[in-house]
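# Summary of structural features
For reference, the chains in residue letters:
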Amino acid sequence: MRKLLLILFSLSVLLIACNDNHNTKPNLSLSIKSINDTTEILKKFFSPVKIVNKNLAVWKPDMDDYFNMVISDDSTCKTKIDTIITLTHQKYIIIFRTDGYYNSGKKRDCHVCSPIYGIASIEKQDSTYNILNFKKNLIAAGSFGSGYDTLQIEKFGHDFQLLRITSSYVGTSTETLTNTYFDVNGYKQLFSYWPYRTVGDSAELDTQYTKIEQQLIHIPGKEFKERDDIKLLGYFTTYDEKQKKFIRRNQTEYYRADAFGNYKRALQ
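In this report, we go over the structure that sits alongside the text. Model, not experiment: these values are computed from the prediction.

### A short note on the overall build of the protein
Across its full length, the protein carries 3 helices and 15 strands. Classification of the 268 residues of the protein by burial places 41% in the buried group.

So this is what it looks like as structure tokens:
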């Protein structure tokens, strides 16, 4: 009986210890004096094996990173801080950029070589900077290793704003410019469209040639007044077999925001 009680007591202690370890949260504060302290920020988020020139973190990828990040020829990831956005005097967004490098040290620049961008949300409370959220792999953007074209915060209502990343891609007989919108808190992708896209070659009278030109217009929210709805106004060009020429037609689409900020196709 005494042995049984001793065994049960040992098991209970072990379970408590396991639960305590499982519930242990990482330290979510940054040991920095300024939001521009690049080196310390990179150390916190990527635990690098080294920092090069105070602004490039060289770190070892895990299994998930091998499938979702850009891995350089030396089997490491190389990340720098791309942009720091000030949302308020207390809240910031940090954009990270991870590029692939050849063994020669040159950045990869093939037409499908795109850096991967990550994102972190930081809040300053008194003299402490706290991490609110972090996503290592937000989006791959650009081609030829050039990265995105533009990045900015865009208002979609009185108290609702999204992160917009504009990136271009050039491939075989294809040119595309894409605007992608993300929630600035949870980083969910909420909307994406092509301001410009061509497939094929109009100069050679390619019958499969298409061209899309679109402009996003903010319109008052119909279901949720605090959030703008979207009107895409543009043109769609295709080859008309009967007329033996390219026809440019008007095209208008409407998208409505739901309670969570997701945009879905809607009637006018």
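### Some points on the sheet that holds strand β7 (residues 128-140)
Across the sheet, 7 strands lie side by side as β1-β7-β6-β5-β4-β3-β2; this open sheet has antiparallel pairing. The strands lining the two open edges of the sheet, one partner per strand, are β1 (29-30) and β2 (50-52). Relative to β7, strand β6 (residues 116-125) is paired through 9 bridges, and the arrangement is antiparallel. Opposite Glu-123, over in β7, you have Asn-130 as the bridge partner.

### Considering a nonpolar patch on the surface
On the surface, Met-63, Tyr-66 and Phe-67 cluster together into a nonpolar patch covering about 410 Å² of accessible area. Along the polypeptide, Phe-67 turns up in helix α3 (residues 63-68).

### So, the layout of surface pockets
Estimates place the volume of the largest pocket at around 360 Å³. If you trace the largest pocket, you find 17 residues lining it, with Leu-87, Lys-91, Gln-161, Val-184 and Asn-185 closest to the centre. Listing elements by their share of the lining of the largest pocket, those giving two or more residues are β5 (91-99), β6 and β7. Counting residues per element, the lining of the largest pocket draws most heavily on β5, which supplies 3 residues. For the lining of the largest pocket, the class distribution of residues is 7 nonpolar, 6 polar and 4 charged.

### A closer look at unusual backbone geometry
In this structure, Tyr-187 takes a positive phi of about 70 degrees despite not being glycine. One can find Tyr-187 in the loop between β10 (174-183) and β11 (189-199). Under the relative-accessibility criterion, Tyr-187 is labelled buried at 5%. One non-glycine residue with positive phi stands out, namely Lys-244, at about 55 degrees. Summarising the element assignment, Lys-244 is placed in the loop between β13 (229-240) and β14 (245-257).

### Details of the environment of Asn-68
By the secondary structure assignment, Asn-68 is in helix α3. Look at Asn-68 and you get partly exposed, because its relative accessible area is 32%.

### Details of the sheet that holds β13
With antiparallel pairing, the 8 strands of this open sheet are ordered in space as β8-β9-β10-β11-β12-β13-β14-β15. Each end of this open sheet is capped by a strand with a single partner; those strands are β8 (150-155) and β15 (263-266). Averaged over all pairs of adjacent strands, the angle between their axes in this sheet comes to 25 degrees, without regard to strand direction. Where strand β12 (residues 210-219) lies against β13, 10 bridges are found, and the strand directions are antiparallel.

### Side note on the state of the cysteines
Enumeration over the complete set of coordinates arrives at 1 disulfide. Paired through a disulfide, Cys-110 and Cys-113 show a sulfur-sulfur distance of 2.0 Å. The S-S bond linking Cys-110 to Cys-113 shows a torsion near 95 degrees; that makes this disulfide right-handed. For Cys-113, a relative accessible area of 12% corresponds to the buried category.

### A look at the pairing of β15
Pairing analysis gives 4 bridges linking β14 to β15, with the strands arranged antiparallel. Each bridged residue has a counterpart across the sheet, and for Tyr-255 the counterpart in β15 is Arg-265. The loop that links β14 with its antiparallel partner β15 comprises 5 residues; one of these, Gly-261, has a positive phi angle of about 90 degrees.

What counts and what doesn't
- Residues numbered from 1 in each chain as written.
- Predicted model: local features only at pLDDT ≥ 70, side-chain atom pairs only at ≥ 80, totals over all residues.
- Heavy atoms only, no water.
- Helix = DSSP H or I, 4+ residues; strand = E, 2+ residues; numbered from the N terminus.
- Buried < 20%, exposed > 50% of the residue type's maximum accessible area, 1.4 Å probe, protein only.
- Pairing = 2+ DSSP bridges.
- Patch = residues over 30% accessible without salt bridge, like charges linked within 9 Å, V, L, I, M, F, W, Y side chains within 5 Å.
- Areas by Shrake-Rupley, 256 points an atom, 1.4 Å probe, with all protein chains shown as cover.
- Salt bridge = Lys/Arg side-chain N within 4 Å of Asp/Glu carboxyl O.
- 1 Å grid on protein atoms, 1.4 Å probe; cavity = no way out; pocket = protein on both sides within 12 Å on 5 of 7 lines; lining within 4 Å.
- Points joined across faces, edges and corners; volume = space filled by probe spheres on them.
- Nonpolar A, V, L, I, M, F, W, Y, C, P; charged D, E, K, R; others polar.
- Axes fitted to C-alpha atoms, helices over the stretch in contact; angles between N-to-C directions.
- Disulfide = S-S within 2.5 Å.

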